[in-house]
Amino acid sequence: MVMKAPSADASAASSEVGAEATMGEAAAAAAAAAAAAAAAAAAASESTGVIEAPAVGKEEDNEGEAVAEPAAEISLEVELPTGVVLHLPPVHKGEVGLGLRQVLGEYPEACFYTSYALVVKDSEPRVEINDFVDLSEYEGVLVDGSRLLMVLEDYDVRRARAHVRRLKELFMYPPVLPPTQTKQQQEKQQQQDEASAAAATATITSAEPAAEAEAEANKAEEDAALTQEQIKAMLERVPSINLPIQISLDKLYPTVIGPAAEPTAEFIVPPCLSSLTYSGWNPPPASRRLQGDLLYLEAKTLDGQTLYITATPAGFYVNNTTSSSFDPSPASPSSHFSHELLPLLGSAVPSFPKLWQAAVLATRYHTQLHDPIKSLATSIGEGKIDSALALKIPWLVPPPFIPPSSSSSYSLSAAATAAAEEHALMTRHVFDDGRAADDLAQSFGMDDRGALRDWNEDYQGAREMPATTVGERVVRAKILSKVLGDFGEAAVAGAKAVVGGFVTPINPDEARRNHVYVFNNIFFSYALDTQNTFKVVGGDGPAFKNATHEVRNIVSLNKLLSDAADNAAVTAAAAAASEAAAATLAEGGVTVAGIDAAASVPKPQQQQQLYTLATSVIDYLGVRLVAQSVIPGILSGDQQSRLMYGSVEPGVKLQAKEEMHALLKQASNSLFLAERDVPVLPVRASKGKKNEGGEKVEGEGKDGKEGGEEGQETIKFVGPVEWKGIKGADARCYLLDLVRLTPRDPNWIKENWEQPQGSGTGVWERTKPMEGVPALEDDFSVVLRPELLRLFVRSKVMGLREKIVGAFKAKQKKEKGEEKEGDEEEEELTLDKATKEKLKEEEEELLERMKINPNAFLPLEGITDLDQLAKDEEQIRVLGRYLWHDLLPAFVEDVKTGGLNPIDGETLTANLHQSGINIRYLGRLAQLAQEGGKEERKGSGGGKRFRVPEYFVQLCETEMIARAVKHLVFDLLKNRPDLRMAPAATLVACLNAVLGTVEAKEPSEAARVVGASGGKKKKKKKAPSASANASSLVPLENAEAAAATAAPAPAPAAAAAGGTGGSGGKKGKGKKNKASKEMNGTPSSPPSLSATTSSPAAAAAAAAAAAEAAATAAAFFSAPTEKSPPSTPGIELSLEELRGRVIADIRQRYRYSSSTLLKAGGGTPSKNPYALLRRVCQKLGLRIYARAYDLSSNKREPFSVRDIAEVSPVAKHCLPSSVLDEAKDLVHSATVLMQTGNVAPAFQYVSEATELFTQTLGPIHTEVAHCLELSGTILCQAGDPEAGIGQIEKALVIYWQTAGFDSFEAINAHHVLGLFLQQVQKGAKYDQAVFHFHACIYLLEMIAGPYSPELPPQYLKLSSAYQELGHVKEAYQCLVLAFDKAQHHPDRVTEAQMVHQLAVLEASCTLYKEALTHEKRAYVIFRDILGEEHPRVAEASRFMTELTQKAVERATTKQAQALAANAALAAAVAAEGKGGVGGAGGKKNNSSGNSSVSTGAPVVAPDNSWVTDVEATEQARVGGGGKKKKGGKKR
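First things first, this report covers the structure right here in the doc. (Residues numbered from 1 in each chain as written. Predicted model: local features only at pLDDT ≥ 70, side-chain atom pairs only at ≥ 80, totals over all residues. Heavy atoms only, no water.)

1. A few points about the overall build of the chain
Step number 1: From N to C terminus, the chain includes 52 helices and 27 strands.
Step number 2: Taken across its 1531 residues, the chain has 47% of its residues classed as buried.
Step number 3: Sequence-distant contacts in the chain: of pairs separated by 6 or more residues, those separated by 24 or more amount to 73%. (Helix = DSSP H or I, 4+ residues; strand = E, 2+ residues; numbered from the N terminus. Buried < 20%, exposed > 50% of the residue type's maximum accessible area, 1.4 Å probe, protein only. Contact = heavy atoms within 4.5 Å.)

2. Things to note about the side chain of Arg-744
Step number 1: Along the chain, Arg-744 falls in the loop between β24 (733–736) and α21 (763–766).
Step number 2: No salt bridge forms around the buried Arg-744; measuring N to O, its nearest opposite-charge neighbour Asp-778 is 4.3 Å away.
Step number 3: Of note is the side chain of Arg-744, whose polar atom sits 2.8 Å from the backbone oxygen of Phe-857.
Step number 4: Those residues in contact with Arg-744, other than ones at most four positions away along the chain, are Ile-749, Asp-778, Asp-779, Phe-780, Val-782, Val-783, Leu-784, Phe-857, Leu-858 and Ile-876. (Lys, Arg positive; Asp, Glu negative; His and termini not counted. Salt bridge = Lys/Arg side-chain N within 4 Å of Asp/Glu carboxyl O. Polar contact = N/O pair within 3.5 Å; in protein donor to acceptor, adjacent residues only side chain to side chain.)

3. What to know about the sheet that holds strand β11 (residues 306–312)
Step number 1: Ordered in space as β9-β10-β11-β12, the four strands form an open sheet in which the pairing is antiparallel. The open sheet has two free edges, formed respectively by β9 (275–278) and β12 (315–318), since each of these has just one partner strand. Direction aside, the axes of adjacent strands within the sheet are offset by 25° on average.
Step number 2: As defined by bridge partners, β9 adjoins strand β10 (residues 295–300) across four bridges and the pair is classed as antiparallel. From the neighbouring strand, Ser-275 faces β10, where its bridge partner is Lys-300. (Pairing = 2+ DSSP bridges. Axes fitted to C-alpha atoms, helices over the stretch in contact; angles between N-to-C directions.)

4. So, the pattern of salt bridges
Step number 1: Evaluation of the coordinates by the stated rule reveals 54 salt bridges.
Step number 2: As a salt-bridge pair, Arg-976 and Asp-978 come within 2.9 Å of each other at their nearest N and O atoms.
Step number 3: Given the relative accessible area of 5%, Arg-976 is considered buried.
Step number 4: Across the pair Glu-1206 and Arg-1183 runs a salt bridge whose closest N-O atoms are separated by 2.8 Å. Within this pair, whereas Glu-1206 is found in strand β26 (residues 1204–1207), its partner Arg-1183 is found in strand β25 (residues 1182–1185), the two being separated by 23 residues in sequence.
Step number 5: A relative accessible area of 34% places Glu-1206 in the partly exposed class.

5. A short note on the sheet that holds β26
Step number 1: Pairing is mixed across the open sheet formed by three strands, whose spatial order is β13-β25-β26. Both outer strands of the open sheet, β13 (396–397) and β26, are each paired with one neighbouring strand and no more.
Step number 2: Where β13 meets β25, two bridges bridge the pair, whose relative direction is parallel. The residue bridging Leu-396 from the neighbouring strand is Ile-1184, located in β25.

6. Digging into a nonpolar patch on the surface
Step number 1: Taken together, the side chains of Ile-506, Ile-634 and Leu-635 make up a nonpolar region of the molecular surface, amounting to roughly 260 Å² of accessible area.
Step number 2: Take Ile-634: it is sitting in the loop between β18 (623–629) and β19 (642–646). (Patch = residues over 30% accessible without salt bridge, like charges linked within 9 Å, V, L, I, M, F, W, Y side chains within 5 Å. Areas by Shrake-Rupley, 256 points an atom, 1.4 Å probe, with all protein chains shown as cover.)

7. Re the environment of Pro-1198
Step number 1: Of note, Pro-1198 is situated in the loop between β25 and β26.
Step number 2: Expressed as a C-alpha distance, the spacing of Pro-1198 and Ala-1188, which sit 10 residues apart in the sequence, is 10.0 Å.
Step number 3: Apart from residues no more than four positions distant in its own chain, Pro-1198 is found in contact with Asn-992, Leu-995, Gly-996, Tyr-1189, Asp-1190, Leu-1191 and Asp-1203.

8. A closer look at the packing of aromatic side chains
Step number 1: All chains considered together, the criterion is met by 20 aromatic pairs.
Step number 2: Through a chain of ring-to-ring contacts, the aromatic side chains of Trp-748, Trp-764, Trp-884 and Tyr-921 assemble into a single cluster.
Step number 3: Positioned above the aromatic ring of Tyr-116, the side-chain terminus of Arg-101 is 4.3 Å from the ring centre.
Step number 4: We note Arg-1151 situated over the ring of Trp-764; from NZ or CZ to the ring centre the distance is 5.2 Å. (Phe/Tyr/Trp six-rings, centres within 6.5 Å; stacked < 30°, edge-to-face > 60°. Lys NZ or Arg CZ within 6 Å of the ring centre and 35° of its normal.)

9. With respect to the pairing of β24
Step number 1: Every second residue of β24 is oriented toward a common face, with Cys-733 and Leu-735 on one face and Tyr-734 and Leu-736 on the other, all of them buried.
Step number 2: The pairing of strand β16 (residues 610–611) with β24 spans two bridges and is classified as parallel. Bridging from a neighbouring strand, Leu-610 pairs with Cys-733 of β24.
Step number 3: Here strand β23 (residues 724–727) folds back onto β24, and the loop between the two strands holds five residues, one of which, Ala-731, carries a positive phi near 70°.

10. Let's talk about the packing of helix α22 (residues 786–816) against helix α24 (residues 833–849)
Step number 1: Contact geometry of α22 with α24 gives a least axis separation of 10 Å together with a crossing angle of 155°. Looking at the two axes, α22 sits roughly antiparallel to α24. The two elements α22 and α24 cross, and the hand of that crossing is right-handed. In contact with Val-793, Lys-796, Val-797, Leu-800, Arg-801, Ile-804 and Phe-808 of α22, α24 contributes Thr-835, Leu-839, Glu-842, Glu-843, Leu-846 and Leu-847.
Step number 2: Partitioning the contact of α22 with α24 into residue classes produces eight nonpolar, one polar and four charged. (Parallel < 35°, antiparallel > 145°, perpendicular 65-115°, else oblique. Left-handed = near helix turned anticlockwise from the far one by under 90°. Nonpolar A, V, L, I, M, F, W, Y, C, P; charged D, E, K, R; others polar.)

11. Observations regarding helix α37 (residues 1135–1149)
Step number 1: Spanning 15 residues, α37 covers 21 Å between terminal C-alpha atoms, matching the ideal 21 Å at 1.5 Å per step.
Step number 2: Of all 15 residues in α37, 11 are buried; the element is thus mostly enclosed.
Step number 3: Looking at α37, one finds that the buried residues are Leu-1135, Glu-1136, Glu-1137, Leu-1138, Arg-1139, Gly-1140, Arg-1141, Val-1142, Ile-1143, Asp-1145 and Ile-1146.
Step number 4: Positive phi shows up at Arg-1151, right after α37, with a value of about 55°. (Expected span 1.5 Å × (residues − 1).)

12. Concerning a negative patch on the surface
Step number 1: Taken together, the side chains of Asp-432, Asp-433, Asp-438 and Asp-439 make up a negatively charged region of the molecular surface.
Step number 2: Inspection of the secondary structure assignment puts Asp-433 in helix α15 (residues 433–440).
Step number 3: Looking at Asp-433, the relative accessible area reads 37%, which means it is partly exposed. (Charge placed at Lys NZ, Arg CZ, Asp CG, Glu CD.)

13. Some details on the nonpolar core
Step number 1: Within the largest apolar cluster, 244 residues are counted, with the highest numbers of intra-cluster contacts made by Leu-1173, Ile-1184 and Trp-1296.
Step number 2: Counting 56 residues, the second largest nonpolar core, distinct from the first, contains Leu-88, Leu-100, Ala-110 and Leu-276. (Core = buried A, V, L, I, M, F, W, Y, C linked by side-chain atoms within 4.5 Å.)

14. Some thoughts on unusual backbone geometry
Step number 1: Following Glu-124, the chain continues to Pro-125 via a peptide bond in cis, the omega torsion being -5°.
Step number 2: Positionally, Pro-125 belongs in the loop between β7 (116–120) and β8 (147–152).
Step number 3: Between Ser-332 and the following residue, Pro-333, the backbone shows a cis peptide bond with an omega angle of 10°.
Step number 4: Within the fold, Pro-333 resides in the loop between β12 and α10 (341–348).
Step number 5: Residues other than glycine seldom take positive phi values, yet Phe-672 does so here, at roughly 60°.
Step number 6: In this fold, Phe-672 is placed in the loop between α20 (658–671) and β21 (675–679).
Step number 7: On the basis of relative accessible area, Phe-672 is assigned to the buried category, the value being 13%.
Step number 8: Located in the positive-phi region is Thr-1406, a residue other than glycine, with phi close to 65°.
Step number 9: With respect to the helices, strands and loops of the structure, Thr-1406 is situated in the loop between α47 (1388–1404) and α48 (1408–1426).
Step number 10: Thr-1406 sits in the buried class, given a relative accessible area of 7%.

See below:
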């Protein structure tokens, strides 16, 4: 059973029973609500619980049969010091002891205990559970049903502080769970759960027709019992939707997550204490420490009482200290001593128990235990979104709640709303001295256990763990995922500390751009071009890109190395087992000697392998930092850490030790890297040159070996010359600087006919240039993707196989005289031995030829084998042409035919990378899509079924703009620390530049330099609104000038007293005289001395003392001051210049230009500005408030500084998406089985995958959510939608927490929930289906645009849900919108289907004329695309005939009604109003014609009063057209 993940609130549980006697009143009062709370908890576990999965811990014996391991879970009991026994839920044996403490933290009876040990009861000798040891290590001692004793332990300073911190958490988040049930209640609940699980399993595995028929009959009977009261309540719950849907960010969370997400007043836990802080008498003096005092605390109660508490190793007690006197002795008559603080407060403060009871009950009632979705929505509405979605910080922050004004009923103006929101934000930030103390003591992710964590040893140790069985691979994956996850969190926290200036560099004597840091045992460096670093090409741009390339390459290399090591280990273990078995059989059977011989077979020794470093890349406030684990001995100058491969400094020879070379050569087979002769000195140090930071690069390397004959020497080298192999002090061989595993992209190299060597493919030169795109420039950082190389090799191998198999088939046919039947696999199995050997040999030769030289097209010196270099370059050109001519058009064609359907920049990026296409080809893809659209428009579509979707071009443009804005922001903040410390104005200016209504303008060269390097602002230029705050240096200069003109050449004393920098005049003089008088009265020059002493020596001494005092004052107070602080610094570029730089970057980086790209003066850059805003925020880590931004009108600056909430780091880690291939294979198998209808084995496989992912990645992970969604789908298909919907709802919550509320996974979960909620008729959940379909459409409109191919089907399903509810008007509006969206759908058949559905609905509402018009259009499309003989064409033809007859009958009826109206007008009109809405005939047509309406829908009387309006509109349109036609004839 997968346990529910502890929530942040639930983890802060506290005790109500089992405390001191003074807490009995609170426990008794809470007992009254225990039953209701227990029922709520049971409902929560039922709605969010995970299906029982079979045991997955399996191993394979020598014959390959699966052997089940013992039970992976055990049930434990914990006896508290008070005698209360807690019965814990089943705990997995792979859990560490710390997990038991976390489980105990969920129980109110045990949550406030922090200093204790868990001891196995009646164990001899005493067995204590270690917090960091797996429970499986206590095999034989810790069994199912064991009881653990909670033994209290003494405190030390660290434990005492942890206890205080825990109590503060309890005050903020009181317990939400009810007191634990008794053992009898738990057994009863367990029996009910087992019965439910058995029923669910029986539902899936049942295949008897009689049982299925009985189940269907019972279900139909239950559905028929749906009462009218339930229907009425359901209709009242249907969300109100305004069609067409208009996007507004202030309504996003209520629309997507639920109405409870509306901004509301924040729930504040009723306070129990005024404050609990460390006392000002803390820390204890040395004498008191010797007596055992650890800490001094100060607790202020709500009634004004102050308690001074002493922490000792035995516990806490109240002392006699006051605010003015120190007396740490125990108070009398009672010091209220207790081992924990909570019982002490309950005994010492009479009002505390009732206050604590009120806080606990209020929190419990406020928390929606039975509905996790509503609970999460409530937290978001209260502004606690960071705690609700902690794993995936959202880019949109709910606005603060503005309480309604009681004095006025009208809405506030924009200015008043802004002021109210600003006030609400200020009131959220309450005074808390404890928070201030915690901020001063924050560790930025450092472990407080003492010694720093050795990340490298943890990481390499996890990779070296054995993995010969499934169980071992699960344990390794779990530890590896945990280590890399912790490293990523520590790297992000450390990066924030580095950027914030909290960490001192280890090389402070060098320039700032060269600074490196070691924090929390993690090495941090800037992704900038620095000196004294070996590199082929310099520049900040390549260094910026190479950082992310390295993370990607580390993930790829780790995967290859791990697979190779696992295969080798499995092969070696199998060989050893075979040898042992052979030895046993040779001795004549199984004997004791044979068993001993088999047991004594030594395990294969682990061979030396390559290692990589744990690496993360963090972008934060315009700075890109690279975080890496530290190689042992490299920072201390240990001689054992030595270079084995490559070079570390320019001008130093390359190294290629045999040991490292052999390892790299072995890895090159999987990486397709060729071994080549490389010059020993391929890169020489450049003398006198400067890097981008303006630093001079020295001309000699470390050993000074440069030039001469040595530069012509070559060595055998594998891989790029940039990477380095270092052997650490731990004897491991580490591979660093994996910036390139593939060569440069030849498509982005200039073509040179005169000199073929180093020339590119010339595909850009042969392409029609777009307006404004500059000439192609050499960029040495553009490389091919590894996926491209794998796809190319795979295509060649498949071609070779087809060629050999085809030749073999032809030979067989020629010999037999007839073609052999059978599929390709059967033919391949029948290949003779010679053909198989030939195929194997040619494949090996092909793979060897496919190896590439990653150093081709690089400016290396001393290359001797030019012929081989020319061959290598031509091989890479073939790869580039394959990308340009095959993959790029194929990608556009897949989008066109619906094979690929990216909805946002993230899914587009993933699809491109999987296809081997770099992001820099976005411009080419958009160009291909535009060209295809022009050709289709010229040919008017013809009979082609598919067309290029419009949304794809907009999606590409949005992604290009967002990435260009990111580059612009990094360029602006890179060399401007003043802007980086206050970046709000810069970020707002960039947002307004691309989302406001401004005209693009090319920035001047001076402005370009100023914006990049931070020079002074031009005086003659008046700063526009975007740069109005860019005056950080002006106030200081003005102040100095004013001080100089106001008091020219003041005396030192005068300057000291009156130098206020701008006050001047008499006011400054008065201050000076007053200061002088005060100065004369100082002890350094007492008045009595000056009055009584009249000797010349005394006078001279007095004068000297006065002069010294004046000089001292002048030294401290002569600096000028200002009346107000300087304004926030900003950039010196206007919005027009910023937009011009964005366009210029797109033209240069993506070689793309379009009239729709950030069009000048035309408002927003595309039809969907919200997608651009979202993507820019995601790329920058920018978080804005969810407000109703005006992005559609001609507003120049839609954003202001108050709209910026926060900037979060954006990180990329080397943690792969999944570290266990077995679980992914199970999910794939379950998906295939589900699609073929085999739900029973599919359910078993996905259950096993869920268990594996939970063990390795934790219960809150995207992979776990995928499994839950799949299992829910299987349950719904098996006929149990109630259980399936519970699974999918839990998956949706996990998607919100891990992928984001607006992610593709969350959108798909909304869609699946809407589909299956329509199948659940018991309980009437059509209203929920409408909510989820609306949420799906809302998100698609926002992130994919109005013409996304996913929108027409979603509108159709929403229309179906409305029809089932009887809301025919809304259903008609949805179908009209679906038809409008379908006109831009890439598949014209989809357009015809939408038109047909619209015609069916119109016919059901007796709108026969309109239905006939739409059905004719559907008929034409079906005929042109599918052909005359297709059944859909015949069906449309029959439907048109029926509609024609209906239309004629209706026209005749209307004519008769019009004649009768002449006799009795009033009665006829009334009769027409009642009979003109379809009546029973309409219902008959609806049930017979509309296939999308469920036959089991509740019977709801539809409101067809809107039909008359539709008819009138259509008549007016036709009548208006007739008048124009007649008018034309008259003229």
